[in-house]
Amino acid sequence: MTPIDRLIIALDLPDTDKAQHIIDRIGEAGRFYKIGYQLMPVGGLDLARRLSAQGKKVFLDFKFHDIGATVERGVVSVCKLGGDFLTVHAEPDVLKGAVAGRGDDKRLKILGVTVLTSLDAAALKKSGIDIDLPDLVLRRAEFAAEAGADGVVASAQEAAAIKARFGDALDIVTPGVRPAGADANDQKRIVTPAAAIQAGADYLVVGRPIVSADNPAAAAAAISAEITV
Ligand code: C5P
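The following paragraphs examine the structure supplied in this document. Keep in mind that what you see is a predicted model, and the values were worked out from it rather than measured. (Residues numbered from 1 in each chain as written. Predicted model: local features only at pLDDT ≥ 70, side-chain atom pairs only at ≥ 80, totals over all residues. Heavy atoms only, no water.)

What the rule picks out here adds up to 12 salt bridges. Note that K34 is salt-bridged to D61, the shortest N-O span being 2.6 Å. You can see K34 sitting in strand 2 (residues 32–35) and its partner D61 sitting in strand 3 (residues 57–64), a full 27 residues away along the chain. One salt-bridge network, in which partners are shared between bridges, spans K34, D61 and K63. (Salt bridge = Lys/Arg side-chain N within 4 Å of Asp/Glu carboxyl O. Helix = DSSP H or I, 4+ residues; strand = E, 2+ residues; numbered from the N terminus.)

With a probe scaled to a water molecule rolled over the atoms, the places where space remains empty come into view. Estimated volume of the largest pocket: approximately 550 Å³. Every residue lining the largest pocket is counted, 26 residues in all, and those nearest its centre are D12, K34, D61, K63 and Q187. Residue contributions to the lining of the largest pocket peak at 3 residues, all from strand 3. (1 Å grid on protein atoms, 1.4 Å probe; cavity = no way out; pocket = protein on both sides within 12 Å on 5 of 7 lines; lining within 4 Å. Points joined across faces, edges and corners; volume = space filled by probe spheres on them.)

Attention now moves to the packing of helix 2 (residues 16–26) against helix 11 (residues 216–226). Where helix 2 meets helix 11, the axes come as close as 7 Å, and the angle between the chain directions of the two elements is 60 degrees. With respect to each other, helix 2 and helix 11 are oriented oblique. Of the two possible hands of crossing, helix 2 and helix 11 adopt the one that is right-handed. Contact with helix 2, carried on its side by I22, R25 and I26, involves P216, A217 and A220 of helix 11 and no other residues of that element. Along the lines of polarity and charge, the residues of the contact of helix 2 with helix 11 split into 5 nonpolar, no polar and 1 charged. (Axes fitted to C-alpha atoms, helices over the stretch in contact; angles between N-to-C directions. Parallel < 35°, antiparallel > 145°, perpendicular 65-115°, else oblique. Left-handed = near helix turned anticlockwise from the far one by under 90°. Contact = heavy atoms within 4.5 Å. Nonpolar A, V, L, I, M, F, W, Y, C, P; charged D, E, K, R; others polar.)

A separate point is the site of the ligand. Surrounding the ligand, one finds 17 residues, the nearest of these being D12, K34, R178, G207 and R208. At 2.8 Å, a backbone N or O of G207 approaches an oxygen atom of the ligand. Contact with the protein chains removes 88% of the 470 Å² of surface that the ligand exposes when unbound. Among the cavities detected, the one that contains the ligand is the largest pocket. (Near = heavy atom within 4 Å. Polar contact = N/O pair within 3.5 Å; in protein donor to acceptor, adjacent residues only side chain to side chain. Areas by Shrake-Rupley, 256 points an atom, 1.4 Å probe, with all protein chains shown as cover. Sits in = over half its atoms within 2 Å of the grid points.)

Turning next to the packing of aromatic side chains. Summed over the entire model, instances satisfying the criterion amount to 5 aromatic pairs. Relative to Y203, the ring of F32 lies with its centre 5.9 Å away and its plane at 85 degrees, an arrangement referred to as edge-to-face. With F32 in strand 2 and Y203 in strand 8 (residues 203–206), the pair connects residues that are 171 residues apart, well separated along the chain. Relative accessible area serves as the criterion here: at 1%, F32 is assigned to the buried category. The buried category is assigned to Y203, whose relative accessible area is 6%. Judged by centre distance (6.0 Å) and plane angle (45 degrees), the rings of F62 and F64 are tilted. Grouping aromatic residues by their ring pairs yields a cluster made of F32, F59, F85 and Y203. (Phe/Tyr/Trp six-rings, centres within 6.5 Å; stacked < 30°, edge-to-face > 60°. Buried < 20%, exposed > 50% of the residue type's maximum accessible area, 1.4 Å probe, protein only.)

Next up, the structure:
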């Protein structure tokens, strides 16, 4: 895998025209795009199909969280889109349902969301979750491995511990990445691209630093250049 294959660009944009415009401007500097809630209801699924047909890789960030049977049926339908990554929350029944729904379609990798990178210890405590954040991340990564999922979404700060425990059994996809000097926005646990890869991340998810840049292609290329493996 080259650095550019490890960079997933989050298309957090209000409509598919704006998304397509950014994709066109990024050109060869981007090969992997993430589509989430903002685009999903306004043509994002068609965009996912189009990108996939054009040979780009597609990360469907749907973060499913429901009873196992419902997740399973949902994932059977998602497989028809031709995506590469799909997120579900890293709870045992949710993960098992997703893995069952994916069945033999090994193209679609199931990723368990461990703890959102916008959350910190204080935010977890407020929700009544008293276990230490790194322990919670590892516990949820364990749920993902046990269910036969392909990877996890986790901050770089937890990537090393996940790599140490699970090795290549789980791909680690890391958001909350900011090039040196960039705006953190609402992310609470941020690291630079190089630090994230060094910590064990296999893929980086970067949104605003690229899609809000004056020159998105240059921003994407600069981040790829910071990914040294
Ligand atoms: O703009 P920014 O680089 O912060 O975007 C990060 C992307 O990664 C967003 O689409 C966000 O939803 C997603 N994400 C995250 N934390 C997770 C899982 C996904 O920030 N744990």
